[in-house]
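# Topology and contacts: notes
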Amino acid sequence: MTTEKLAPPTHTGVRIAANGLGQRVRDGRRILDDISLTIDPGEVVAILGASGAGKTTLLETLARVRRASTGTVRHDGGGPADAIGFVPQDDIIHRELPLERTLRYAARLRLPPGTTPAEVTRRVAEVLGELGLSDRAGLPVGRLSGGERKRASIAVELLTRPGVFFLDEPTSGLDPAIAVDLLRVLRTLADAGATVVLTTHQVTDVELCDRVVVLTRAGRLAFAGPPAAAREFFGVRSLAEVYLRLDEADDPATWPGRFAARRDNDPDRPDNDPERPDSGPDRRGSDPQRSAGAPAVGVAGSGRSQGRWRQWAVLTARNTEIVARNRLTLAILLGSPLLVLGMFALLFRPGAFDPARPSPNVTVMILFWIAFGGFFFGLTYGLLQICTELPILRRERLAGVRFGPYLLAKVAVLLPLLALVDLALLGVLRGSDRLPPVGGADFAALYATLLLSSAAALALGLLCSAAVSDAAQATLMLPMLCFPQVLFVGAILPVPAMATGGQWLSYAMSNRWAFEGLGHTADVPRLWRDGGSPLGPPLLATYGDSFSRPVWVNWLILGGFVLLFLGATWAVLVRAESRRAV
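This section reports on the structure supplied with the text. Throughout this document, residue positions are counted from 1 along each chain, in the order its sequence is written. Reporting of local features is limited, given that this is a predicted model, to residues whose pLDDT is at least 70; pairs of side-chain atoms are given and counted only at 80 or more, and all residues count toward the totals for whole chains, interfaces and linings. Excluding hydrogens and water, the side-chain figures rest on all heavy atoms present in the structure.

Here we come to the pattern of salt bridges. By definition, a salt bridge exists where a carboxyl oxygen of Asp or Glu is found within 4 Å of a side-chain nitrogen of Lys or Arg. Tallied over the entire structure, the rule returns 25 salt bridges. The closest approach of N and O atoms between E126 and R123, which form a salt bridge, is 2.9 Å. Placement of both E126 and R123 in helix α3 (residues 117-130) is noted, with a separation of 3 residues, approximately one turn of the helix. Owing to a relative accessible area of 27%, E126 belongs among the partly exposed residues under this scheme. A salt bridge links R318 to E396, with the nearest nitrogen and oxygen atoms 2.6 Å apart. Taken as a pair, R318 in helix α11 (residues 308-325) and E396 in helix α14 (residues 390-398) lie far apart in primary sequence, 78 residues in all. For every residue, the accessible area (1.4 Å probe, protein chains only) is compared with the maximum for its type, and the residue is labelled buried under 20%, exposed over 50%, or partly exposed between those bounds. Classification of E396 as buried rests on a relative accessible area of 5%. One salt-bridge network, in which partners are shared between bridges, spans R122, R123, E126, E130 and R161. Here a helix means four or more residues in a row that DSSP labels H or I, a strand means two or more in a row labelled E, and each is numbered from the N terminus.

Put into structure tokens, the structure is as follows:
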């Protein structure tokens with residue numbers, strides 16, 4: 001890999017000072033214990049430790065992505081508090097888009113308001129050149145190699161010229177040559193003035209770093225210093241043996257105690273160095289808010305200053321392009337409703353709504369399955385939208401992206417697709433004589449009911465997607481969400497005929513109100529009462545007043561479900577973020 005000379009960061013390098021850091025999980029178990037260290041500008045520092053030692057937790061705490069339970073973290077120098085780049089272990093870029101388009105959207109979210117398209121283009125080209133990715137600009141991210149994707153994630157952060165980079169396992173899964181290549185990029189960033197902190201389980205990575213931080217399995221600091229000094233301190237020839245020395249200790253506090261004693265006896269160590277537990281405040285001073293270990297929302301750039309509508313517009317454009325470029329996804333989104341429509345055509349005979357000879361049982365099933373079809377389409381459209389891009393969302397939250405514009409951008413892209421398939425569903429059924437012969441106004445009312453049902457289901461899908469951590473969990477929720485919408489809607493068993501518990505539960509089924517709204521617009525009470533079928537009046541009696549409400553009442557209820565589910569989705573995302581910060 002060849003790269004252009006990296007431009008220096010916009011801000012001076014950041015000095016990181018941690019004093020007495022501790023971190024507990026919600027059950028009270030301590031996973032970091034009394035970590036005090038400093039990292040100076042221009043250094044590449046590796047955090048080592050066995051699995052579960054708290055490497056990622058320490059990295060996130062130093063970056064102020066996670067609030068420390070005890071102790072403080074100071075970032076001194078570097079200009080504004082937003083001069084931070086954070087690259088998690090998971091990919092933080094969409095794989096569907098070409099690399100250049102990915103960086104362009106990231107730049108529009110991160111760079112200051114008023115940045116012109118020409119400036120965005122220039123900045124993206126600079127970053128691609130600096131990381132040796134110019135010849136890969138037109139390739140979809142999913143077709144890049146593992147090392148190229150890591151560099152692409154760094155490129156997203158490099159857009160704002162941050163003064164400090166935090167990277168979680170940047171060489172994980174890479175072959176040794178590519179890993180060395182990536183570390184050389186990080187070395188170049190540090191030489192340009194940035195501070196670089198990374199976690200790793202590959203001891204070969206450490207040889208290219210200035211300092212190494214070693215954690216015990218109990219999350220305590222066993223050593224901090226140059227790699228050569230670490231080998232001397234632990235009495236080993238290779239840092240790979242450090243893990244064995246840590247595990248051989250009878251007392252987990254052995255190595256942390258030895259290091260603390262060595263550090264306190266170092267005559268060259270300044271009294272105000274925060275690595276000392278009893279150190280005083282940094283004499284250079286710092287912003288009190290930045291010293292408190294507060295979560296660093298907005299740390300990556302100036303995205304926080306972007307207005308909500310600006311964010312919504314950029315996210316909507318990006319989501320639209322992602323859907324359009326992923327032909328398989330687009331085929332599923334548009335093809336599955338066509339498949340369902342074909343099954344409806346095979347299942348139901350024409351003429352069920354003929355006023356001269358109506359079929360009451362069939363009309364019930366047609367209206368129910370139309371309502372359920374709209375619900376199913378909306379639910380499946382939303383169910384995988386958030387959980388599949390949680391790492392990207394978390395990273396963009398640090399860049400200042402708000403949850404409101406993020407959710408509304410999802411709706412803005414998916415709802416028009418639902419409007420299209422709902423219209424096709426009703427249009428084909430009407431043209432094939434499987435709907436009542438209604439006029440234009442009533443057809444519009446049927447369409448509005450179905451679209452509101454799809455919108456409510458879409459919001460429910462987004463809520464469930466936000467509540468789970470991966471696509472497998474979301475997929476498992478599908479039958480649990482669909483069965484109640486079949487059983488308690490009032491089609492298979494009318495609501496008045498249900499047990500009391502079932503009647504109360506039916507109120508929470510959005511599909512019930514769609515089904516009843518469709519029945520009111522289709523005027524099934526008159527059809528069943530006056531159609532001459534002996535089944536009509538008895539069937540109508542079992543449904544009571546289910547179809548007697550004005551259709552606008554059903555619309556209000558469905559609209560309420562949309563707002564309720566979207567609000568709940570926002571609350572779930574906010575709560576998840578706050579829990580990560582604890």
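Paired rings are identified among Phe, Tyr and Trp, the last through its six-membered ring, by centres lying within 6.5 Å, and are further divided according to the angle between planes into stacked (under 30 degrees), edge-to-face (over 60) and tilted (the rest). Going through the model one piece at a time under the given rule, you end up with 19 aromatic pairs. Site record: aromatic cluster; members linked through ring pairs are F223, F233, F234, W255 and F259. Any Lys NZ or Arg CZ that is within 6 Å of a ring centre and within 35 degrees of that ring's normal is treated as a charge sitting over the ring. Between the NZ or CZ atom of R397 and the centre of the ring of F403, over which it lies, the distance is 4.1 Å. Sitting above the plane of the W513 ring, R512 keeps its charged end 4.3 Å from the centroid.

Cavities and pockets were defined on a 1 Å grid built from protein atoms only: a cavity is a group of points that admits a 1.4 Å probe but offers it no way out, a pocket is an open group of points flanked by protein on both sides within 12 Å along at least five of seven lines, and a lining residue is one with an atom within 4 Å of any such point. Grid points are joined across faces, edges and corners, and a volume is the space filled by probe spheres set on the points. Under the defined criterion, the tally for this structure stands at 3 cavities of 30 Å³ or more. The wall of the largest cavity is formed by I92, I93, H94, T102, A106, R110, V156, R318, I392 and E396. When contributions to the lining of the largest cavity are tallied by element, the ones reaching two or more residues are α2 (99-110) and α14. If one sorts the elements of the lining of the largest cavity by residue count, α2 sits on top with 3 residues.

With that out of the way, let us pick up a nonpolar patch on the surface. A cluster of nonpolar residues, F483, L487, I492 and L493, forms a patch on the protein surface that exposes about 400 Å² of accessible area. Its place among the elements puts L487 in helix α17 (residues 471-487). Exposure above 30% relative accessible area and the absence of a salt bridge qualify a residue for a patch, where like charges join within 9 Å and nonpolar side chains (Val, Leu, Ile, Met, Phe, Trp, Tyr) within 5 Å. Shrake-Rupley sampling with a 1.4 Å probe provides the accessible areas, and residues are treated as covered by the protein chains on show and by no other component.

Right, let's get into the sheet that holds strand β5 (residues 84-87). Taken in spatial order, the 6 strands of this open sheet run β5-β6-β7-β3-β8-β9, and their pairing is mixed. Where the open sheet ends on each side, the last strands, each with one partner, are β5 and β9 (221-225). Averaged over all pairs of adjacent strands, the angle between strand axes in this sheet comes to 10°, irrespective of strand direction. By the bridge criterion, 4 bridges tie β5 to strand β6 (residues 164-168) in an arrangement that is parallel. Across the sheet, G85 pairs through a bridge with F165, a residue of β6. Docked against the sheet, helix α7 (residues 227-234) engages β8 (211-215) and β9, running at close to 140° with respect to β9. Two strands qualify as a pair provided DSSP detects at least 2 bridges between them. Axis definition: a line fitted to C-alpha atoms, limited for helices to the stretch in contact. Angles are taken between N-to-C directions and run from 0 to 180 degrees. By definition, residues are in contact when any of their heavy atoms lie within 4.5 Å.

Turning our eyes to something else, we now look at helix α19 (residues 510-521). An expected span of 1.5 Å times one less than the residue number is assigned to each helix. Between its terminal C-alpha atoms α19 stretches 17 Å, which fits the 16 Å expected from 12 residues at 1.5 Å a residue. The buried count for α19 comes to 11 of 12 residues, which makes it a mostly enclosed element. For α19, every residue scored as buried is listed here: S510, N511, R512, W513, A514, F515, E516, G517, L518, G519 and T521. Following α19 by one or two positions, D523 adopts a phi angle in the positive range, close to 55°.

Attention now moves to helix α15 (residues 403-431). Since the α-helix packs 3.6 residues into each turn, any two residues three or four apart lie on the same face. For α15, with 29 residues, the first-to-last C-alpha span of 42 Å sits near the 42 Å given by 1.5 Å per residue. Note that the bend at a residue is defined as the angle between axes fitted to the seven residues ending at it and the seven residues starting at it. Where α15 bends most, the angle comes to about 25°, and this point is L414, followed within four residues by the proline P416. Phi for D433, located one or two positions after α15, is positive at around 65°.

Let us now look at the sheet that holds strand β1 (residues 15-24). Within the open sheet, the 3 strands sit side by side as β2-β1-β4. Their pairing is antiparallel. For this open sheet the edge positions go to β2 (30-39) and β4 (70-76), each flanked by a neighbour on one side alone. Across the sheet, the axes of successive neighbouring strands diverge by a mean angle of 15°, strand direction being ignored. Summarising the sheet, β1 and β2 pair through 6 bridges and their orientation is antiparallel. Among the inter-strand pairings, A18 is bridged to a residue of β2, identified as L37. Each of β1, β2 and β4 touches helix α1 (residues 55-62); the most contacted strand, β1, lies at about 130° to it.

With that out of the way, let us pick up the side chain of E130. Residue placement: E130 occurs in helix α3. Here a polar contact is taken to be a pair of N or O atoms separated by no more than 3.5 Å, where protein atoms must pair a possible hydrogen donor with a possible acceptor and residues adjacent in sequence count only if both atoms sit in side chains. At 2.6 Å, the side chain of E130 forms a polar contact with the side chain of R161.

Next up on the list: the pairing of β1. For a regular strand, side-chain orientation follows a simple rule: the groups alternate between the two sheet faces. Among the 10 residues of β1, 8 are classified as buried, and the element is accordingly described as predominantly covered. Relative to β4, β1 runs antiparallel, the two sharing 6 bridges. Across the sheet, the residue bridging to I16 is H75, located in β4.

With that out of the way, let us pick up unusual backbone geometry. One non-glycine residue with positive phi stands out, namely D433, at about 65°. Relative to the helices and strands, D433 resides in the loop between α15 and α16 (440-467). Judged by relative accessible area, which is 38%, D433 ranks as partly exposed. With a phi angle near 55°, D523 is a residue other than glycine that sits in the positive phi range.

With that settled, consider the packing of α2 against α11. Their axes nearest at 10 Å, the elements α2 and α11 cross at an angle of 165°. Overall, the two elements α2 and α11 adopt an arrangement that is roughly antiparallel. Where α2 crosses over α11, the two elements pack in a sense that is left-handed. Between α2 and α11, the residues in contact are R101, Y105, R108 and L109 and R310, Q311, V314, L315, A317, R318, E321 and R325, respectively. Orientation categories follow fixed angle ranges, with anything under 35 degrees roughly parallel, anything over 145 roughly antiparallel, 65 to 115 roughly perpendicular, and all other angles oblique. Should the near helix be turned anticlockwise from the far one by less than a right angle, the crossing is left-handed, and should it be turned clockwise, the crossing is right-handed.

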